[in-house]
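Analysis of the macromolecular model
The lines below spell out each chain.
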Amino acid sequence: MAQYRTQVRIIADVLSTARDQNTEGNGVGVTTLLRRGNMSYGRMSKLLSELVGSGLLLELSGEKISKYMISQKGIQFLVAYSSFEEFAQSFGLRL
Amino acid sequence: MATQSDMALIQNILQFIGVFVSFSIAYVSYRGVKQTESSSLLRLATAFVFLGFGFLVEGMVGLGQLVPSLPLSTTTIVIGGLLLETTGYFFLAFSHAVDVMLAKRLGAALLVFPVITLSGAQIQDILGILSFYFVLYGVVETGYSYARTRKPDTLLIALGLSLIGVGTFFQWLSLLYQYVGVLSLLQIILQEMGLLILFTPVLRFTVGGVKVNGPI
């Protein structure tokens, strides 16, 4: 059965991708985030500007394209998210 | 052999343990709501706030029986406590399946309908039965969730809810049979055991060292 992702789940997915795919330390491109985040470009752009605005992501502006890196606040968010997700799952619920 | 007042004292102590456990779960859920804006956690927090206040009211009624100068032991207050408890079980059961709008509508019906049309004893019967079915639904849903996730914690919560369910069944039986004292004590012991099991995910936040500073 298909399950809709909540907004907070989408944010967690994007932040996880920005953390896990940043192997070289110079950020992750929009294409990678789009592929892993499974959403449209327009929606992703809006979300990325919100996440940068709230300090969860850092924008690294290059000559042609911007890359994104998870911030310390974003890492804290993922820790909180995974804790509360586990808490909710214990009660048979999902965030 | 324990006297009637000894048993009443034990029942009260157990009710206040229930208050502590319920409000602890509600607090962790509320922190989760603040940080993740999850509607599931909001319903969970709501359920345990109602349960906590329900246990608190019932405990206070019991305290009124022990200390006669406190004018707390009235049928209305008992029904109020049971109503809070049943509403808590309602939110707990339906947090698995229904959206917030539907939950609010049914919750309102639950609050208004029996009070208008039924006598005090009948209201207590109905609230006991409703609590039992809500908990039973919660057990089924949590069991189903365990079948999907295979998380041991989820199985533990299903076990806790089962004990609460058996407890509410005894509460119902105590309304029908003469061994009221024994059945009531058994009901509260089972209910508290169930609640203490539900407390285990909270322990991870307090003992497990998960530290999240403020809203993110």
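Here, every reference points to the structure presented above.
As the structure is a prediction and not an experimental result, all values here were calculated from the model.

Our focus in this paragraph is the pairing of strand β3 (residues 66-70) of chain A. Residue and element names in this part refer to chain A. Pairing between strand β1 (residues 28-29) and β3: two bridges, direction antiparallel. Within β3, the residue paired with Val28 across the bridge is Tyr68. In this structure, strand β2 (residues 57-61) lies alongside β3, joined through five bridges in antiparallel fashion. Residue pairing for β3: Ser61 is matched across the bridge by Ser66.

Residue and element names in this part refer to chain A. Taking 1.5 Å per residue, 13 residues should reach 18 Å; helix α3 (residues 41-53) reaches 18 Å between its end C-alpha atoms and fits that length. Buried residues of α3: Met44, Leu47, Leu48 and Leu51, and no others. Across the axial projection of α3, the buried residues extend over an arc of 105°, all falling on one side. Those residues of α3 that are exposed and angled more than 90 degrees off the buried face are Lys46 and Gly53. The positive-phi residue at the C-terminal boundary of α3 is Gly55, with phi of around 85°.

Our next topic: the interface of chain B and chain A. Listed by partner, the interface residues are 30 residues for chain B and 20 residues for chain A. Taken over both partners, the interface formed by chain B and chain A buries close to 2200 Å², and the fraction arising from carbon and sulfur atoms is 72%. One can count zero salt bridges joining chain B with chain A. In this structure, the connection of chain B to chain A is made through two residue pairs in polar contact (both at pLDDT 80 or more). Contributing elements (two or more residues each) for the side of chain B that touches chain A: α1 (4-36), α2 (39-66), α5 (120-149), α6 (152-176) and α8 (200-206) of chain B. Residue contributions to the side of chain B that touches chain A peak at seven residues, all from α1(B). Looking at side-chain class alone, the side of chain B that touches chain A contains 13 nonpolar, 12 polar and five charged residues.

Reading guide: rules and limits
- Residues numbered from 1 in each chain as written.
- Chains lettered and ligands numbered in written order.
- Predicted model: local features only at pLDDT ≥ 70, side-chain atom pairs only at ≥ 80, totals over all residues.
- Heavy atoms only, no water.
- Pairing = 2+ DSSP bridges.
- Helix = DSSP H or I, 4+ residues; strand = E, 2+ residues; numbered from the N terminus.
- Expected span 1.5 Å × (residues − 1).
- Buried < 20%, exposed > 50% of the residue type's maximum accessible area, 1.4 Å probe, protein only.
- Arc of directions from axis to C-beta.
- Contact = heavy atoms within 4.5 Å.
- Buried area = accessible area lost by both parts, 1.4 Å probe.
- Salt bridge = Lys/Arg side-chain N within 4 Å of Asp/Glu carboxyl O.
- Polar contact = N/O pair within 3.5 Å; in protein donor to acceptor, adjacent residues only side chain to side chain.
- Nonpolar A, V, L, I, M, F, W, Y, C, P; charged D, E, K, R; others polar.

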